Amino acid sequence: CSYKYKPIIPRRKDLFYSQVFDALFEMHDLSKEIGYVRKKQSGLDITEFSIVLRRLAFWCLTNNGKLEFTRSEFESVISDIELKLNGVTFKPINFINDLIYSVPVFVKAGALFRWAHKSLMEYFCAEFICIEVKDKRDQLLLKMYESNSSVKFKNIIELCSDIDYASFRKSILRKCLDEYFT
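Read on for an overview of the structure. (Residues numbered from 1 in each chain as written. Predicted model: local features only at pLDDT ≥ 70, side-chain atom pairs only at ≥ 80, totals over all residues. Heavy atoms only, no water.)

## Considering the packing of helix α7 (residues 137-146) against helix α9 (residues 165-181)
Okay, so step 1: Viewed as axis vectors pointing N to C, α7 and α9 meet at an angle of 40°, and their least axial separation amounts to 8 Å. Considering their axes alone, α7 and α9 lie oblique with respect to each other. Seen from above, α7 lies across α9 with right-handed handedness. Residues Arg137, Asp138, Leu141, Leu142, Tyr145 and Glu146 of α7 pack against Ser167, Phe168, Lys170, Ser171, Ile172, Lys175, Cys176 and Glu179 of α9.
Okay, so step 2: For the contact of α7 with α9, the residue count by class is 6 nonpolar, 2 polar and 6 charged. (Axes fitted to C-alpha atoms, helices over the stretch in contact; angles between N-to-C directions. Helix = DSSP H or I, 4+ residues; strand = E, 2+ residues; numbered from the N terminus. Parallel < 35°, antiparallel > 145°, perpendicular 65-115°, else oblique. Left-handed = near helix turned anticlockwise from the far one by under 90°. Contact = heavy atoms within 4.5 Å. Nonpolar A, V, L, I, M, F, W, Y, C, P; charged D, E, K, R; others polar.)

## Brief notes about α7
Okay, so step 1: Those residues of α7 that fall on the buried side of the exposure criterion are Arg137, Leu140, Leu141 and Met144. Viewed end-on, α7 has its buried residues packed into an arc of 100°, placing them on one side of the element. For α7, the exposed residues lying more than 90 degrees away from the buried face are Gln139 and Lys143.
Okay, so step 2: Among the structural elements, α3 (46-62), α6 (118-132), α8 (154-163) and α9 are those in contact with the buried residues of α7. (Buried < 20%, exposed > 50% of the residue type's maximum accessible area, 1.4 Å probe, protein only. Arc of directions from axis to C-beta.)

None of the figures reported here should be taken as evidence of function without further support.
Right, dumping it as structure tokens:
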């Protein structure tokens, strides 16, 4: 999907996932009819949609890496996110429908809704950390690195290093070098 949208594969992971999201948001329906793009039920533009996905992904991370939801759980989580956003309003059920049909970063498998791929959740989580957690970003990166299960955060940490190398350098790289030289 991403390659059809833009036939260049970026070297950096964050740019690749950004390209994938752009392709899913803008081009999903173009393969069906020339010039046809399904209107988003939520009414959100690409920036607002991304903000909600970042918050959802971080919620998933902080809830034990949750990747799938029942319908009622999903609506509840999306509703909580919508309530905490300033200036962005939408109906949770419309956003969920967009996630499945218009911008398919989620799939519906029977009665469950799940991320189409765990790496998409990790990408949006890394974006949340690097874009929205400004004052505690370095502490959060170190917390993931120092955790007993830092391997499960490997992709998020790598994505964060691509998105905001300065914070990665000040936190994790500095800690690694300090440990190496002591």
